Amino acid sequence: MNKAFVKESDHDDEEAIALAQAIPAGAKNYITPVGYQRIKDELLQLIDVERPEVVKVVHWAASNGDRSENGDYIYGKRRLRQIDGRIRFLTKRMDSAAVVDPSVQFGNDQVFFGATVTYCNSAGEEHTVTIVGIDELDPLNGKISWVSPVARALTKAREGDLITLQTPLGPDELEVLSVHYPAPVAD
C-alpha cells in the first residue's frame, strides 16, 4: 500500500485537547497536589512500562522482514507516536504547573482555587462544585476548571453573597450557600 494513504498527520488529538483547555494568556497552570501526582503517575507509567513494551513489539515486528504490510509494525509505530505525543503533552503540563494546596485556605469562607462551593441558582437548583485545575476537571463529578465561567463568577465570593453569572440564556443570579476547603493533612 502506498505510504501516502497511511501517513498520519503530525497533529493528534492531544493538540486539539490542549487548545480546548487553553490557559488564559499570562496565567499559570494551577493544579492541586493530587492532580499533579496523577499526571506524574501517568507520565511514569508511559515512560517506564507502556513505551518499552511497544518498543519490544516494534523491534520484533521489524525483524520479521517486510515492514510495509506488517500490521504489528505499522500499528506499533502508530502507538509509539501516540505515547510519545502524550509524554510531550504531560511533560509540558508538568513544566507549566503551579501546584496550589487548597488546604491552606481551610476555614476560609471566600472562594479561591480548590474550594468546594455549594450555590443555588435563580431557579432554586442547588449545585456543589469543586474548583480545580484544567487537567483535573470532571464536570460529571462536580469538578470544574478554574477558568470556567461558573468558577470565575464564584471566585472571591463569600458565603451568603449573590453573584451574577452570564449564561447564553442571559444573566443568572447565584447565591453562595457554603464554601469548604479540605483539612490540612498532618505530617
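Details of the structure are given in the entry above.
Everything in this summary refers to the structure shown in the same document. (Residues numbered from 1 in each chain as written. Predicted model: local features only at pLDDT ≥ 70, side-chain atom pairs only at ≥ 80, totals over all residues. Heavy atoms only, no water.)

**Describing the layout of surface pockets**
1) Next: A volume near 280 Å³ is recorded for the second largest pocket.
2) Next: Together, 17 residues line the second largest pocket, and Thr32, Pro33, Val34, Pro102 and Pro182 are the ones closest to its centre.
3) Next: Here the lining of the second largest pocket gets three residues from one element, more than from any other, and that element is helix α2 (residues 33–62).
4) Next: Grouping the constituent residues of the lining of the second largest pocket by class yields eight nonpolar, five polar and four charged. (1 Å grid on protein atoms, 1.4 Å probe; cavity = no way out; pocket = protein on both sides within 12 Å on 5 of 7 lines; lining within 4 Å. Points joined across faces, edges and corners; volume = space filled by probe spheres on them. Helix = DSSP H or I, 4+ residues; strand = E, 2+ residues; numbered from the N terminus. Nonpolar A, V, L, I, M, F, W, Y, C, P; charged D, E, K, R; others polar.)

**Examining unusual backbone geometry**
1) Next: Residues other than glycine seldom take positive phi values, yet Lys156 does so here, at roughly 75°.
2) Next: One can find Lys156 in the loop between α4 (149–154) and β6 (162–167).

**Brief notes about α2**
1) Next: Over its 30 residues, α2 runs 42 Å from end to end, which matches the ideal 44 Å to within 8%, given 1.5 Å per residue.
2) Next: Along α2, the sharpest change in direction is near 40° and occurs at Leu46.
3) Next: Along α2, the residues classified as buried are Gly35, Ile39, Leu43, Leu46, Val54, Val58, Ala61 and Ala62.
4) Next: Against β1 (29–31) and α3 (71–96) lie the buried residues of α2. (Expected span 1.5 Å × (residues − 1). Bend = angle between axes of the 7 residues up to and from the residue. Buried < 20%, exposed > 50% of the residue type's maximum accessible area, 1.4 Å probe, protein only. Contact = heavy atoms within 4.5 Å.)

**Side note on the sheet that holds strand β7 (residues 170–180)**
1) Next: Ordered in space as β5-β4-β3-β7-β6, the five strands form an open sheet in which the pairing is mixed. A strand with exactly one partner marks an edge of an open sheet, and here the two such strands are β5 (143–145) and β6. Across the sheet, the mean angle separating the axes of adjacent strands is 45° when strand polarity is ignored.
2) Next: Of the pairings in the sheet, the one linking strand β3 (residues 116–120) to β7 comprises five bridges and is antiparallel in character. (Pairing = 2+ DSSP bridges. Axes fitted to C-alpha atoms, helices over the stretch in contact; angles between N-to-C directions.)

Shape is all these values report; function is a separate question.
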